[in-house]
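Summary of the model geometry
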Amino acid sequence: MKPLIIANCKMNFSLKEADEYCINLTDKKFKNQLIISFPVPYMAYLADKFKTLAFCAQNISIFDSFGAYTGEYSSLMVKSCGINYSIIGHSERRNLFDESEEMVLQKVINCLKLSITPIICIGESLKIRQNGTYKEFINKQLYPIIDVMSSTRNKEKIDVIIAYEPIWSIGTGLTPSVSELVETFALISSLLKQSAVAFNIRLVYGGSIDLDNIKQIMALENIDGVLVGKASLNCDTVIKMLELVEEHV
Ligand code: PGA
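What you see is a predicted model, and the numbers here were worked out from it, not measured in a lab.

**Thoughts on the environment of Asn200**
For Asn200, the location among the structural elements is in the loop between helix 8 (178–193) and strand 7 (201–206). With 43 residues separating them in the primary sequence, Asn200 and Lys157 have C-alpha atoms 7.5 Å apart. With residues near it in sequence (within four places) discarded, Asn200 still touches Lys155, Glu156, Lys157, Ile158, Asp159 and Val160.

**Focus on the packing of helix 7 (residues 134–150) against helix 8**
At a closest axis distance of 10 Å, the pairing of helix 7 and helix 8 adopts a crossing angle of 30°. Considering how the two elements wind past one another, helix 7 and helix 8 form a crossing that is right-handed. Residues Tyr134, Lys135, Ile138, Asn139, Leu142, Tyr143, Ile146 and Met149 of helix 7 lie in contact with helix 8, whose contacting residues are Glu183, Thr184, Leu187, Ile188, Leu191 and Leu192. For the contact of helix 7 with helix 8, the per-class residue count stands at 10 nonpolar, 2 polar and 2 charged.

**Considering the site of the ligand**
The environment of the ligand is made up of 13 residues, and the closest members are Lys10, His90, Glu165, Gly171 and Ser208. Within the backbone of Gly229, one N or O atom sits 2.8 Å away from an oxygen atom of the ligand. At 2.8 Å, a backbone N or O of Lys230 approaches an oxygen atom of the ligand. In isolation the ligand offers 280 Å² of accessible surface; the protein chains occlude 97% of this area. Taken together, the residues of the shell around the ligand sort by class into 3 nonpolar, 7 polar and 3 charged.

**Notes on the layout of surface pockets**
Here the largest pocket is characterised by a volume of approximately 550 Å³. Elements represented by at least two residues in the lining of the largest pocket include exactly helix 2 (40–49) and helix 4 (91–96). The biggest single contributor to the lining of the largest pocket is helix 4, with 3 residues. Looking at the lining of the largest pocket, its residues break down into 9 nonpolar, 7 polar and 4 charged. Asn32, Leu34, Thr52, Leu53 and Ala54 are, among the 24 residues lining the second largest pocket, the residues nearest its centre. Listed by contribution, the elements that provide at least two residues to the lining of the second largest pocket are strand 2 (34–37) and strand 3 (54–57). A class-by-class count of the residues in the lining of the second largest pocket yields 13 nonpolar, 6 polar and 5 charged.

Reading the values: the criteria
- Residues numbered from 1 in each chain as written.
- Predicted model: local features only at pLDDT ≥ 70, side-chain atom pairs only at ≥ 80, totals over all residues.
- Heavy atoms only, no water.
- Helix = DSSP H or I, 4+ residues; strand = E, 2+ residues; numbered from the N terminus.
- Contact = heavy atoms within 4.5 Å.
- Axes fitted to C-alpha atoms, helices over the stretch in contact; angles between N-to-C directions.
- Left-handed = near helix turned anticlockwise from the far one by under 90°.
- Nonpolar A, V, L, I, M, F, W, Y, C, P; charged D, E, K, R; others polar.
- Near = heavy atom within 4 Å.
- Polar contact = N/O pair within 3.5 Å; in protein donor to acceptor, adjacent residues only side chain to side chain.
- Areas by Shrake-Rupley, 256 points an atom, 1.4 Å probe, with all protein chains shown as cover.
- 1 Å grid on protein atoms, 1.4 Å probe; cavity = no way out; pocket = protein on both sides within 12 Å on 5 of 7 lines; lining within 4 Å.
- Points joined across faces, edges and corners; volume = space filled by probe spheres on them.

Next comes the structure, spelled out in structure tokens:
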């Protein structure tokens, strides 16, 4: 499988800017390698206009269809816009919007029901990394997710991406050392291998990825791709990243 780049543009860009971003990508041959996450109000328009690009929601509701939930949008709505991916449980949602583990799991269930690939974010805080309990923490975050995936009907068909994003690395310019990454991804991979769905799961790293570190991080064992925040705001940077990754294949 080719390495994956997920561009998480967060709450940035006007519709016109997002449109220009996509126009820049249309003559490139990076199919199946790039997933772009713009704000949801732009998505139906962009997904309809740029059929060769893959788009991703940054969140979905815990409610899965229609109803009196002002301000929410459901997995059903996202799917009906032609969007086949959603980031779930990003640390910004967990921390700024009080998203609990239960809510994250419900959102994963909602995605899987409609064949939306959830990009499920996990990762420890600096405090947990420093006090040495990060392995237990990752175990605790991952087990219920594995449970949900394992009890899904048609589990042989599900497609899930797990994004390991240590909170201390997001937007800070800090990345884990190579040995920290190797250790953590080996841990995640071995926990998943014990489950019935391991073969359908891709693992990506996220947190301060840039043009200087992407190649080294992508080359590490058990890492199938990267989730890029700040650096993805420049479309030319994303194109350069895709070219670097292509050389690495
Ligand atoms: P960053 O963000 O690349 O700016 O650290 C990553 C993310 O939030 O997914």
